[in-house]
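Analysis of the macromolecular model
Below, each chain spelled out in residue letters.
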Amino acid sequence: MLSKLKIKYFSRFDVKLTVFYTFALLLISLVLSSFFYYRLQHSLLKQIDRMLIDEAKELILEIEADNHIVKGCNMFFEDISYRVFYPVFFRVMASDGISLYESENFSTILSKGIKQREHFTVTVDYRKKKRYRIYETRFTFKNKGPFVAQLAINTMRSDKILNTSLQNIFSAIPVVFLLSICCGMYISQKPRKILRNITAVTRKITSQNLVERLPLPPGQDEIRDLTITINFMLDNIESSFTEIRQFTADVSHELRNPLSAVKGEIEVAVSRKRDAADYRETLHNCLERIDDLIKMVNDLFLISRFDAKKYDLKLSRINLAGLLGEMHDFFLPMAQEKNIHFVIERCDTVFASVDRHKILQLLSNLMDNAVKFTPENESIILSLIEHSHEVELKVTDSGIGIPESDFENIFKRFYQVDPSRSGDDRGAGLGLHICKRIVDVHGGSISATRNKIKGTTLTVRLPLN
Ligand SMILES: Nc1ncnc2c1ncn2[C@@H]1O[C@H](COP(=O)(O)OP(=O)(O)O)[C@@H](O)[C@H]1O
Ligand SMILES: [Mg+2]
């Protein structure tokens, strides 16, 4: 139980972040301390080496001034005997290694060896627990030589400085460790708070409750960007859910009407015994309703394919004038039935790369509306005009028209200006929406305008390339 709790605690994001930041800060402090320690050691050693070189020069100058090696060495010995902080020791030898002068106990610091070049070394007197920095150089005097001068400085002072700084570093480690933990906790606090917020808000989100949003944190950092993005995503999900709900409600409403009508017809037919002609009429009416239902289900299926972007466009180069003529011939008898003057005013021969089946459906929906919403003895005029980069198709009628306030809505699914205007021939409000989707996938545009005197013009523009 306890180990489970431990595992849970250490797998928490904020704990991991705190541990990470703590070790990162600790590591940085250790690296920096080591760097400064070695810099200090290096500069102290350099300082001692400079001192040794200066002292060696002075020794040689004293010898030259006194014109005698031993006298010069004596003078130099007097000078250095006052040095307290960095005591200096020295020895002068002939090139064969015979000692000519030696300050007190120099042989206990360094044995009588001679190297053949100028150099620095470090030697340790383990008995007295002292460290010395040695400098060896050679010089000539009165055209004799070379003579060897060896100088030593006790590094006790610089060692003490180094030891003190090392102690300081070690005693600062627990403080740095504590500070690192505090900093780690503080730095991980912000992402932790935001993650908690996200978890709390997203837990509240269900299909019934999509209004929750994350509070925006102050500042202009990535966390704010992330919060905005999540809220934007929630906005999109909410509007998609609303759309789906509305769609489901509209579909069930539109399906209920024809189904109720079919049910009513059948109920009336079976309520008492009837002759064959009555039954035939009932069946005929039911068939008409079922045809409407099938058309609506097909339209819905097509819309769902557009939504899923699975409309598989079969493009081919087609003469649009031919399609327009075909649809005109199809709708002409219906227009004639209402004594509507139905003509093609201008029809350019235009070849365009389109999906034949979908363009026929577009023309059919537009002409169906025109015939449906144009009263008897009025007119419908079609035109197909080629422009430099596009083709313009117009269906102009002198029918009942569309109020301007409805122009922006008529291309929405299930939108009908006023269902009572369609009379018996009531659609589902999907025709113009499908027209827009077809035009969109061809890269074109569709718009509705009011005619000067009366009626509506629907204009479709399709690109020629
Ligand atoms: N040519 C037109 N004249 C007048 N109103 C029209 C015309 N075309 C479309 N409308 C209006 O736009 C609405 C949407 O048309 P549509 O999507 O084809 O639906 P439906 O034909 O199923 O009612 C119609 O209900 C109708 O009120
Ligand atoms: Mg229609």
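Notes on the structure in this doc start here. Going along each chain's sequence as written, the residues are numbered from 1 onward. Written order determines the labels here, with chains lettered from A and ligands numbered from 1. Given that this is a predicted model, residues contribute local features only at a pLDDT of at least 70 and side-chain atom pairs are listed and counted only at 80 or more, while totals for whole chains, interfaces and linings are drawn from all residues. Side-chain numbers come from the whole structure's heavy atoms, not from hydrogens or water.

**Some thoughts on the sheet that holds strand β9 (residues 379-386)**
In spatial order, the strands read β7-β9-β10-β12-β11; together these 5 strands make up an open sheet with mixed pairing. In this open sheet, the two strands that pair with only one neighbour each are β7 (341-347) and β11 (445-450). Adjacent strand axes in the sheet meet at a mean angle of 15° when their direction is disregarded. When DSSP finds two or more bridges between two strands, those strands count as paired. We count a stretch as a helix when DSSP gives it H or I for four or more residues in a row; a strand needs E for two or more, and each element gets its number in order from the N terminus. As judged from the 7 bridges shared by β9 and strand β10 (residues 390-397), these two strands associate in the antiparallel manner. Bridge pairing in β10 links Ile380 to Asp397. Here, axes are lines fitted to C-alpha atoms. For helices the fit covers the stretch in contact, and angles between N-to-C directions go from 0 to 180 degrees.

**Things to note about the pairing of β11**
Regular strands place their side chains on alternate faces of the sheet. Bridge count between β11 and strand β12 (residues 456-463): 6 bridges; the pairing is antiparallel. Following the sheet pairing, Arg450 is matched in β12 by Thr456. With antiparallel pairing between neighbouring strands as the criterion, β11 and β12 make up a hairpin whose turn holds 5 residues, including Gly455 at a positive phi of roughly 85°.

**What to know about the sheet that holds strand β4 (residues 130-141)**
A sheet is described by the order of its strands in space; here 5 strands give the open sequence β2-β1-β5-β4-β3, paired in antiparallel fashion. Of all the strands in the sheet, the pair left with one neighbour each is β2 (99-102) and β3 (119-125). Taken over all neighbouring pairs, the strand axes of this sheet differ in orientation by 25° on average, direction set aside. As defined by bridge partners, strand β1 (residues 88-93) adjoins strand β5 (residues 144-154) across 6 bridges and the pair is classed as antiparallel.

**Some points on the packing of aromatic side chains**
The relative placement of two aromatic rings is captured by the distance of their centres and the angle of their planes. Aromatic pairing here means that ring centres of Phe, Tyr or Trp (its six-membered ring) are within 6.5 Å. Orientation follows from the plane angle: under 30 degrees is stacked, over 60 is edge-to-face, and everything else is tilted. Counting across every chain of the model gives 11 aromatic pairs. Taking 5.0 Å as the distance between ring centres and 80° as the angle between the ring planes, the aromatic pair formed by Phe76 and Phe90 counts as edge-to-face. You can see Phe76 sitting in helix α3 (residues 69-80) and its partner Phe90 sitting in strand β1, a full 14 residues away along the chain. Site record: aromatic cluster; members linked through ring pairs are Phe76, Phe90 and Tyr101.

**Overview of the packing of helix α9 (residues 356-372) against helix α10 (residues 431-441)**
The contact between α9 and α10 brings their axes to 9 Å, and the two run at 145°. Viewed along their axes, α9 and α10 form a crossing whose handedness is left-handed. Here Lys358, Ile359, Gln361, Leu362, Asn365, Leu366 and Asn369 of α9 lie close against α10, whose contacting residues are Gly431, Leu432, Ile434, Cys435, Ile438 and Val439. Only Asp, Glu, Lys and Arg are considered charged in this grouping, and only Ala, Val, Leu, Ile, Met, Phe, Trp, Tyr, Cys and Pro are considered nonpolar; every other residue, Gly among them, is considered polar. Counted by class, the contact of α9 with α10 contains 8 nonpolar, 4 polar and 1 charged residues. Should the near helix be turned counterclockwise from the far one by less than a right angle, the crossing is left-handed, whereas a clockwise turn marks it as right-handed. Contacts between residues were defined by any pair of non-hydrogen atoms, one from each residue, lying within 4.5 Å.

**Points about a nonpolar patch on the surface**
Grouping into patches uses exposed residues only, defined as over 30% relative accessible area, and leaves out salt-bridged ones; the cut-off is 9 Å for like charges and 5 Å for nonpolar side chains (Val, Leu, Ile, Met, Phe, Trp, Tyr). All accessible areas in this document rest on Shrake-Rupley with a 1.4 Å probe, and a residue is counted as covered only by the protein chains that are shown. Here, a salt bridge means any side-chain nitrogen of Lys or Arg that lies within 4 Å of a carboxyl oxygen of Asp or Glu. There is a patch of nonpolar side chains on the surface, built from Leu25, Ile28, Leu32, Phe35 and Phe36 and spanning about 490 Å² of accessible area. The buried label goes to any residue with under 20% of its type's maximum accessible area, the exposed label to any with over 50%, and the partly exposed label to all in between, with areas taken from a 1.4 Å probe on protein chains only. With a relative accessible area of 52%, Phe36 lands in the exposed category.

**Let's talk about the packing of helix α6 (residues 222-271) against helix α7 (residues 276-307)**
Interaxial distance between α6 and α7 falls to 9 Å at its minimum, and their mutual angle equals 170°. Taken together, the axis directions place α6 and α7 in an arrangement best described as roughly antiparallel. Contacts from Phe247, Val251, Glu254, Leu255, Pro258, Leu259, Ala261, Val262, Glu265, Ile266 and Ala269 in α6 reach Tyr279, Thr282, Asn285, Cys286, Arg289, Ile290, Leu293, Met296, Val297 and Leu300 in α7. Of the residues in the contact of α6 with α7, the class split is 16 nonpolar, 2 polar and 3 charged. Each angle receives one of four descriptions, namely roughly parallel if under 35 degrees, roughly antiparallel if over 145, roughly perpendicular if within 65 to 115, and oblique otherwise.

**Topic: the environment of Asn197**
Positionally, Asn197 belongs in helix α5 (residues 156-204). On a C-alpha basis, the gap between Asn197 and Leu332 in space is 65 Å, while along the polypeptide they are 135 residues apart. If we ignore the near neighbours within four places in the chain, the residues touching Asn197 are Leu214 and Pro215.

**Describing α5**
Multiplying 1.5 Å by the residue count of a helix minus one yields the expected span of that helix. Between its first and last C-alpha atoms α5 spans 71 Å; for 49 residues at 1.5 Å apiece the expected length is 72 Å, and the two agree. To obtain the bend at a residue, axes are fitted to the seven residues ending there and to the seven starting there, and the angle between these axes is taken. At Gln189, α5 shows its maximal kink, close to 35°; a proline, Pro191, follows between one and four residues later. Among all positions in α5, only Ser158, Asp159, Leu162, Ser165, Ser180, Gly184, Ser188, Ile194, Ile198 and Val201 are buried. Check the buried side of α5 and you find it contacts α2 (13-66), β4 and α6.

**So, the layout of surface pockets**
Its volume calculated, the second largest pocket comes out at about 290 Å³. Cavities and pockets are found on a 1 Å grid laid over the protein atoms alone: a cavity is a set of points where a 1.4 Å probe fits but cannot escape, a pocket is an open set with protein on both sides within 12 Å along at least five of seven lines, and a lining residue has an atom within 4 Å of such a point. Every residue lining the second largest pocket is counted, 15 residues in all, and those nearest its centre are Asn298, Leu302, His357, Lys358 and Gln361. Element by element, the count of residues in the lining of the second largest pocket is highest for α7, at 6 residues. Residue composition of the lining of the second largest pocket, by class: 3 nonpolar, 4 polar and 8 charged. Domain segmentation is taken from an automatic or database assignment of domains. The two domains that each donate at least three residues to the lining of the second largest pocket are domain 2 (222-307) and domain 3 (315-463). Grid points are joined across faces, edges and corners, and a volume is the space filled by probe spheres set on the points.

**Digging into the pairing of β4**
Sheet analysis places β3 next to β4, joined by 7 bridges and oriented antiparallel. When the bridges of β4 are listed, Thr123 appears paired with Tyr132. The pairing of β4 with β5 spans 9 bridges and is classified as antiparallel. Looking at the pairing, Glu136 lines up with Gln150 of β5. The hairpin formed by β4 and β5 contains 2 residues between the paired strands, and Lys142 there has a positive phi angle of roughly 50°.

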